[in-house]
Amino acid sequence: MASTIRCDIVSAEQEIFRGEAELVVATGELGELGIAPRHAPLITRLKPGKVVVTVPGGEKLDFAISGGILEVQPTVVTVLADTAIRAEDIDEAAVRKAKEEAERVLANRSEAMDVAEAQQRLAEVTAQLQALERLRKNLKH
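The rules behind each value
- Residues numbered from 1 in each chain as written.
- Predicted model: local features only at pLDDT ≥ 70, side-chain atom pairs only at ≥ 80, totals over all residues.
- Heavy atoms only, no water.
- Salt bridge = Lys/Arg side-chain N within 4 Å of Asp/Glu carboxyl O.
- Helix = DSSP H or I, 4+ residues; strand = E, 2+ residues; numbered from the N terminus.
- Patch = residues over 30% accessible without salt bridge, like charges linked within 9 Å, V, L, I, M, F, W, Y side chains within 5 Å.
- Areas by Shrake-Rupley, 256 points an atom, 1.4 Å probe, with all protein chains shown as cover.
- Buried < 20%, exposed > 50% of the residue type's maximum accessible area, 1.4 Å probe, protein only.

## Remarks on the pattern of salt bridges
Right, on to step 1. For the structure on display, the rule yields 5 salt bridges.
Right, on to step 2. With a closest N to O distance of 3.0 Å, arginine 18 and glutamate 15 form a salt bridge.
Right, on to step 3. We note a salt bridge from lysine 50 to glutamate 32, for which the minimum N-O separation is 3.2 Å. Highlighted residues: lysine 50 in strand S5 (residues 42-54) and glutamate 32 in strand S4 (residues 31-35), separated in sequence by 18 residues.
Right, on to step 4. A single network of salt bridges, built from pairs that share partners, joins Arg6, Asp8, Glu15 and Arg18.

Shown next, in the form of structure tokens:
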């Protein structure tokens, strides 16, 4: 019998996922974290990137987040994200347009948008595009 831990992924707007997981992998500030059942409690900041939840049976659910907090308790791991989206819900055209805009602002550095804001937006949309690529790769198998 495989042991599991409950996983909750929530954004400022809504609950994105709630269910049992065998493994949760997230992108922390110092690298990727793997959270399995019976993991030691912790709280850490997350940077824009991915969260991959392996559910019982082995299926992997892919999410893109814009940053946030990861909290691990004895029976639950919680991802509190600024924004979070399932890979299959990403609007690729909108993300590519946002990426081009952020890159243009960074190249010109004369726009009203703050450089740090453009860098943050670029990291967010890059994480979403990577989630789309992982989703497509998994669908081919």
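## With respect to a nonpolar patch on the surface
Right, on to step 1. Side chains of Ile43, Ile69 and Leu80 sit close together on the surface and give an oily, nonpolar patch of about 260 Å² of accessible area.
Right, on to step 2. Tracing the chain through its elements places isoleucine 43 in strand S5.

## As for the environment of proline 41
Right, on to step 1. You can see proline 41 is positioned in the loop between S4 and S5.
Right, on to step 2. The class for proline 41 is exposed, based on a relative accessible area of 54%.
Right, on to step 3. Between the alpha carbons of proline 41 and proline 74 there is a distance of 6.4 Å; along the sequence they are 33 residues apart.

Read these as geometric descriptors, not functional statements.
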